[in-house]
Amino acid sequence: MNKRKVVFRRRLAVSAAALAVLALLFILLRTVWGLMTGAGGSPAAAHYTGEPVSISEYDNSADDRPAVEWNLMLVNEKYPLAEGYVPVLATVDGRWEVDERIVDSVAEMLADCRKEGLEPLICSAYRSVDKQEELFVSRIARSEGDGLDGDAAVASAATVVAVPGASEHHTGLALDIVSNGYQLLDEGQEGTPENQWLREHCADYGFILRYPVGSTDETGIIYEPWHFRYVGKKAAKEIMERGITFEAYSGAV
Ligand SMILES: [Zn+2]
């Protein structure tokens with residue numbers, strides 16, 4: 001091999017090594033940046049993948065609402081859950097799943113309620129969109145069994161079961177709580193001491209009574225004295241003190 005060729009090869013090797021070092025440095029910096037800002041490069045990822053994520057901001061690219069803090073996400077028939085959004089879940093009170101970040105608030109509220117000798121009982125918490133789909137489809141079948149067909153059966157089902165995507169239970173921030181001594185989901189629930197305690201104190205733990213009496217025009221949901229929703233203490237205090245709906249608080253009426 002002549003001298004010129006050797007020099008050329010050495011230069012080539014040096015250049016390749018330099019490139020490799022640069023590439024490694026780039027990958028390292030990207031990884032560090034990714035760790036600092038959260039997966040995907042943004043903590044307020046607008047697109048959800050169906051994998052559980054712990055978002056700091058909720059941003060539904062399919063509607064015209066601005067991004068909001070995770071605890072203030074609004075989900076109803078007009079603003080269904082962002083497609084593919086699934087919260088990171090944890091278990092509370094034995095078997096109920098909720099967004100992992102509200103576990104302590106739920107546990108504390110129930111514990112304090114029980115300290116008063118009361119017996120609150122969770123009867124519904126997180127529900128996936130798939131599960132809601134199942135409920136909805138079986139309800140349509142029932143309506144069809146009652147003699148309704150097509151759109152009429154779907155419309156009838158929608159008055160009883162939330163349309164998949166429109167249930168607040170998809171957020172992992174909603175709970176149905178009844179009295180152990182009275183477990184029917186009807187207006188009689190408001191007469192129980194458990195319900196009275198919860199309504200009076202829920203805001204101290206960051207919860208609101210989500211579908212108060214006389215608010216169907218704004219919420220689209222019947223009066224549900226058993227349905228509580230986590231929004232954080234600050235919002236809960238304001239909503240409960242002013243006696244407004246979450247839709248009104250969110251500027252969505
Ligand atoms: Zn509910």
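Everything numeric here is computed off the predicted structure, so don't read it as measured data.

**Let's talk about the coordination of the zinc ion**
Ideal donor angles around a metal are set by the shape: a four-donor tetrahedron calls for 109.5 degrees, a six-donor octahedron for 90 or 180 degrees. Those protein atoms acting as donors to the zinc ion are His169 (NE2), Asp176 (OD), Asp176 (OD) and His227 (ND1), and they sit at 2.0 to 2.8 Å. Metal-centred angles of 51 to 151 degrees between the 4 donor atoms at the zinc ion mark the site as irregular. Within one chain, the residues serving as donors to the zinc ion are arranged as H-x6-D-x50-H. Owing to a relative accessible area of 5%, His169 belongs among the buried residues under this scheme.

**Here we look at the pairing of strand β8 (residues 174-179)**
With respect to burial, β8 is a largely interior element, 6 of its 6 residues being buried. Across 4 bridges, strand β7 (residues 120-124) lies against β8 in antiparallel orientation. Within β8, the position partnered with Leu121 by the bridge is Val178. Pairing between β8 and strand β10 (residues 224-230): 3 bridges, direction antiparallel. Bridge assignment links Asp176 to a residue of β10, and that residue is His227.

**Let's talk about the side chain of His227**
Tracing the backbone through its elements, the reader meets His227 in strand β10. For His227, a relative accessible area of 2% puts it in the buried group. With residues near it in sequence (within four places) discarded, His227 still touches Glu168, His169, Ala174, Leu175, Asp176, Ile208, Leu209, Arg210 and Tyr211.

**So, the packing of aromatic side chains**
Per the stated rule, a full pass over the model turns up 7 aromatic pairs. Between Tyr48 and Tyr85, the ring centres sit 5.2 Å apart and the planes meet at 70 degrees, which makes this aromatic pair edge-to-face. Here the residue Tyr48 occupies a position in the loop between α1 (3-37) and β1 (52-53), and Tyr85 occupies one in the loop between β3 (68-69) and β4 (86-87), the gap between them amounting to 37 residues. Under the relative-accessibility criterion, Tyr48 is labelled buried at 11%. Between Trp197 and Tyr205, the ring centres sit 6.2 Å apart and the planes meet at 40 degrees, which makes this aromatic pair tilted. Through a chain of ring-to-ring contacts, three or more aromatic side chains come together here, namely Tyr48, Tyr58 and Tyr85. Above the plane of the ring of Tyr79 lies Arg65, whose end atom (NZ or CZ) is 5.6 Å from the centre.

**Concerning the environment of Leu175**
Structurally, Leu175 can be placed in strand β8. Counting along the chain gives 78 residues from Leu175 to Glu97, while the straight-line C-alpha distance between them is 9.6 Å.

Thresholds applied
- Residues numbered from 1 in each chain as written.
- Predicted model: local features only at pLDDT ≥ 70, side-chain atom pairs only at ≥ 80, totals over all residues.
- Heavy atoms only, no water.
- Donors = N, O, S within 2.8 Å, 3.2 Å for Na, K, Ca; no water.
- Tetrahedral: all angles 85-135°; square planar, octahedral: opposite > 155°, others 65-115°.
- Buried < 20%, exposed > 50% of the residue type's maximum accessible area, 1.4 Å probe, protein only.
- Helix = DSSP H or I, 4+ residues; strand = E, 2+ residues; numbered from the N terminus.
- Pairing = 2+ DSSP bridges.
- Contact = heavy atoms within 4.5 Å.
- Phe/Tyr/Trp six-rings, centres within 6.5 Å; stacked < 30°, edge-to-face > 60°.
- Lys NZ or Arg CZ within 6 Å of the ring centre and 35° of its normal.

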